[in-house]
Amino acid sequence: MTVTHHHAEVNGTTLHYVAAGTGGSPILLVHGFPETWWAFHKLIPLLAERHRVFAVDLRGFGDSDNEPGEYDSAIAAEDLHQLIAHLGAGPVHLTGQDISGATVFRLVTNHPEDVLSLTAIEMGLAGFGLEALADVTRGGAWHIGVLAAPGIPEMLLTGREREFLRYVFASTTDEIDEFVRTYSRPHGWRGAAGLYRSMLREGDELRALAQSPGLTVPVLAIGAGGGPFTEATMSQAAHGKIASVQLDGVGHYAALEAPGPVAKAILDFVDG
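Since this is a predicted model, take the numbers as computed values, not measurements.

A.B. asks: Tell me about the overall build of the protein, residues and numbers included.
C.D. replies: The number of helices and strands found in the protein is twelve helices and eight strands. For 272 residues, the compact-globule estimate of 2.2 N^0.38 gives 19 Å, and the protein sits close to it at 17 Å. For the protein, the spread of C-alpha atoms along the three principal axes comes to 45 × 40 × 40 Å. The buried share of the protein, reckoned over its 272 residues, is 57%. Here the analysis covers contacts within the protein between residues at least 6 apart in sequence; of these, 73% occur between residues at least 24 apart. One way to put it: in the protein the 17 positive side-chain charges average out to a point 2 Å from where the 32 negative ones average out.

Right under this line is the structure:
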């Protein structure tokens with residue numbers, strides 16, 4: 001399956017994305033942290049057998065631009081809205097994972113005309129419990145505070161990208177070379193820092209969006225290393241009943257670790 005690389009000028013930035021497949025309804029894949037589109041490189045061929053598939057580097061990530069500016073989830077959501085228009089492929093089956101949660105949630109609630117369905121993989125939302133992951137006194141992740149503090153990622157992680165990513169990915173260290181390449185570029189942490197700062201302040205806004213206009217598209221929650229966290233989050237955020245799949249024995253980076261089961265879950269959902 002051939003994957004082609006493209007760039008789109010949208011919303012004052014340049015986004016890099018890849019495309020595969022020629023038939024079926026479109027699927028747009030949106031990565032988390034510490035990832036890029038490459039998080040889906042094993043998943044894309046499986047989906048592209050039956051669908052047109054696009055995977056994007058969010059602004060500040062991968063090979064997308066990371067010039068000075070704002071990098072919060074609202075801006076990233078508008079980027080995706082304009083990217084879908086640029087592709088001429090909408091509406092899409094939208095898949096987001098990890099820290100892209102607020103971005104895809106904003107896209108769905110603000111632009112439901114862009115989205116056929118939402119698949120959430122190992123994903124939380126501020127306002128629905130995600131902020132607790134930043135509380136190191138209760139077992140939260142230390143890297144959230146490091147990334148959210150202005151200037152600290154550049155000071156502590158520049159030149160140590162491989163060591164940090166090897167620590168984070170743990171069992172998937174064979175995958176990190178491509179991630180190291182892009183996070184090692186100048187200002188390579190800028191996108192991640194922006195989304196984590198956004199996460200720490202946007203809970204009230206996301207809860208308000210969940211109430212009105214609300215999440216009106218079909219939703220699938222795919223849980224893996226995080227257990228029922230994704231299902232619990234999306235059940236709170238959606239007005240109606242959601243579908244859910246739990247991948248037992250799979251870690252947090254489900255699309256890398258278990259592309260077959262993830263593809264089956266997505267295809268069963270979107271084709272249904």
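From this point on, the discussion continues.
A.B. asks: Help me get a handle on the packing of helix α2 (residues 73-87) against helix α3 (residues 101-110), residues and values and all.
C.D. replies: Contact geometry for α2 and α3: axes closest at 8 Å, N-to-C directions at 55 degrees. Here α2 is positioned oblique relative to α3, judged by the angle of their axes. Viewed along their axes, α2 and α3 form a crossing whose handedness is right-handed. Between α2 and α3, the residues in contact are S73, A74, A76, A77, L80, H81 and I84 and A102, T103, R106 and L107, respectively. Class assignment for the residues of the contact of α2 with α3 results in seven nonpolar, three polar and one charged.

A.B. asks: Let's hear about unusual backbone geometry: which residues, and what values?
C.D. replies: Cis rather than trans, the peptide bond between F33 and P34 has omega equal to 0 degrees. Relative to the assigned elements, P34 resides in the loop between β3 (26-30) and α1 (43-48). The omega torsion across S212 and P213 is 10 degrees, close enough to zero to call that bond cis. For P213, the position within the fold is in the loop between α9 (203-211) and β7 (219-223). Its identity is not glycine, yet N11 carries a phi of approximately 50 degrees, on the positive side. Relative to the helices and strands, N11 resides in the loop between β1 (4-10) and β2 (13-20).

The rules behind the values
Residues numbered from 1 in each chain as written. Predicted model: local features only at pLDDT ≥ 70, side-chain atom pairs only at ≥ 80, totals over all residues. Heavy atoms only, no water. Helix = DSSP H or I, 4+ residues; strand = E, 2+ residues; numbered from the N terminus. Rg over C-alpha atoms; globule rule 2.2 N^0.38 Å. Buried < 20%, exposed > 50% of the residue type's maximum accessible area, 1.4 Å probe, protein only. Contact = heavy atoms within 4.5 Å. Lys, Arg positive; Asp, Glu negative; His and termini not counted. Charge placed at Lys NZ, Arg CZ, Asp CG, Glu CD. Axes fitted to C-alpha atoms, helices over the stretch in contact; angles between N-to-C directions. Parallel < 35°, antiparallel > 145°, perpendicular 65-115°, else oblique. Left-handed = near helix turned anticlockwise from the far one by under 90°. Nonpolar A, V, L, I, M, F, W, Y, C, P; charged D, E, K, R; others polar.

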